[in-house]
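Inside the fold
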Amino acid sequence: MRALVVEKDDDGTRASVQDVDEARLPEGTVTVAVSHSTVNYKDGLCLGPGGGLVRTYPHVPGIDFAGVVEASEDDRYVPGDAVVLTGWRVGETRWGGYAEKARVDADMLVPLPDGMTARQAMAVGTAGLTAMLAIQAIEDRGIREGPVLVTGAAGGVGSVAVALLAAMGHPVAAVTGRPEQEGYLRDLGASQMVARADLADTVKRPLEAETWGGCVDAVGGAMLARVLGQMRYGASVAAVGLAGGAALPATVIPFLLRGVALLGIDSVMQPFDARVRAWRRIADVLPMDRLEAMIVPATLDDLPRLGADILQGQVRGRVVVEVA
Ligand code: NDP
């Protein structure tokens, strides 16, 4: 099988496309012929010198994939079934989707949602599933009056969150550091643009004007701290990522005086039922023409460059890798 393999020696890590013996695939009950994968922020880490959560080399990254079951020892799947995988540390601690074959346990898979192709499912991918989980979390606590803020809007999670929220009928304010992406974000459904620089300063006043009815935050850091003080009374922020840093230089005042909630989102260990529900809702809600507009097509050979780009915040929307 062709695979993008990351190797490590004393000089560092190196990624290259190679022919690999399928016998080297990890243990698992289902073998999938992979057609598509994507590039997420974590893939950038696993491809790079730091290695992300990779423990053993040689390694095949790719934290999500779509394809067709080739062989199964589990009653839930038969050869020919179309499936999707996100999470479960696939592509991090075990070989992932940047190969023509993958072997996983049946629990890690979900059926390809009705009405979606494998390519579209990967345009959603881990980033899009996470966007939906974040939206459901702020919905569960009640989205308040006012626009819903999406940070890191031109990135993967952000792009899908903007399109989903707009399709659900919410006014969406998109935060971006790339003003040239305004047309793209407005086409996805953003009704208001916020410059990254306007939220870049650290917190000077713990409470500012009540502005946002909810927030999907892919950036973290000083921006998240600032946003907490701008939430409307009782509104919530779903924290998804840390593209802007892991430290949170905030005060407790927005929690105490405005009942703001900070909700952590983890897509990696989502149980089967929650994953299937979220995928079905994405297929029902997300306009497929907007999803198509997010796609950056790529091949296995493009991955080393794209991995570096995503860590620099340079990728727009969702990279879909045509694996086979
Ligand atoms: P992307 O790189 O596609 O998007 C991140 C966006 O954040 C960039 O496009 C950019 O948007 C913005 N950004 C980047 N650097 C900075 C910075 N220094 N300061 C402010 N904004 C910045 O990544 P993803 O959307 O795939 O992932 C976003 C985050 O979510 C990552 O931290 C990732 O690990 C995490 N994640 C978490 C998941 C979970 O289960 N919790 C699942 C998936 C992702 P713009 O140019 O528009 O400003």
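Further remarks concern the pairing of strand E2 (residues 12–19). Judged from the 8 bridges that link them, strand E1 (residues 2–9) and E2 form a sheet pairing that is antiparallel. Residue pairing for E2: Arg2 is matched across the bridge by Asp19. Following E1, the chain reverses through 2 residues before pairing antiparallel with E2.

The next point concerns the pairing of strand E12 (residues 236–239). Here E12 shows two buried faces, one formed by Ser236 and Ala238 and the other by Val237 and Ala239. Pairing of strand E11 (residues 214–217) with E12, which is carried by 3 bridges, proceeds in the parallel orientation. Bridging across to E12, Val216 finds its partner in Ala238. Handedness of the crossover joining E11 and E12 through helix H5 (residues 221–228): right-handed.

Time to look at the sheet that holds E12. What the 6 strands build is an open sheet, ordered E10-E9-E8-E11-E12-E13; its pairing is parallel. Strand pairing shows two members of the sheet lacking a second neighbour, strand E10 (192–195) and strand E13 (261–264), which therefore form its edges. Recorded for the sheet is a direction-independent mean angle of 20° between the axes of neighbouring strands. With respect to the sheet, helix H3 (residues 156–167) is in contact with strand E8 (148–150), strand E9 (172–176) and E11, its orientation differing from that of E8 by roughly 160°. Sitting on the sheet, H5 touches E8, E9, E11, E12 and E13, and the angle it makes with E12 is about 165°.

Rules behind the numbers
Throughout, residues of each chain are indexed from 1 in the direction in which the sequence is written. Thresholds applied to this predicted model are a pLDDT of at least 70 for local features of residues and 80 or more for the giving and counting of side-chain atom pairs; totals over whole chains, interfaces and linings are not thresholded and use all residues. For side-chain calculations, the full set of non-hydrogen atoms in the structure is used, while hydrogens and water are omitted. Note on pairing: two strands pair once DSSP finds at least 2 bridges between them. Put simply, DSSP H or I for four residues or longer makes a helix, DSSP E for two residues or longer makes a strand, and each gets a number counted from the N terminus. A 1.4 Å probe rolled over the protein chains alone gives each residue an accessible area, and that area as a share of the maximum for its type sets the label: buried under 20%, exposed over 50%, partly exposed in between. Orienting the strands away from the viewer, one traces the path from the first strand over the helix to the second; a clockwise path indicates a right-handed crossover. Here, axes are lines fitted to C-alpha atoms. For helices the fit covers the stretch in contact, and angles between N-to-C directions go from 0 to 180 degrees. Contact definition: two residues touch when any of their heavy atoms are within 4.5 Å.

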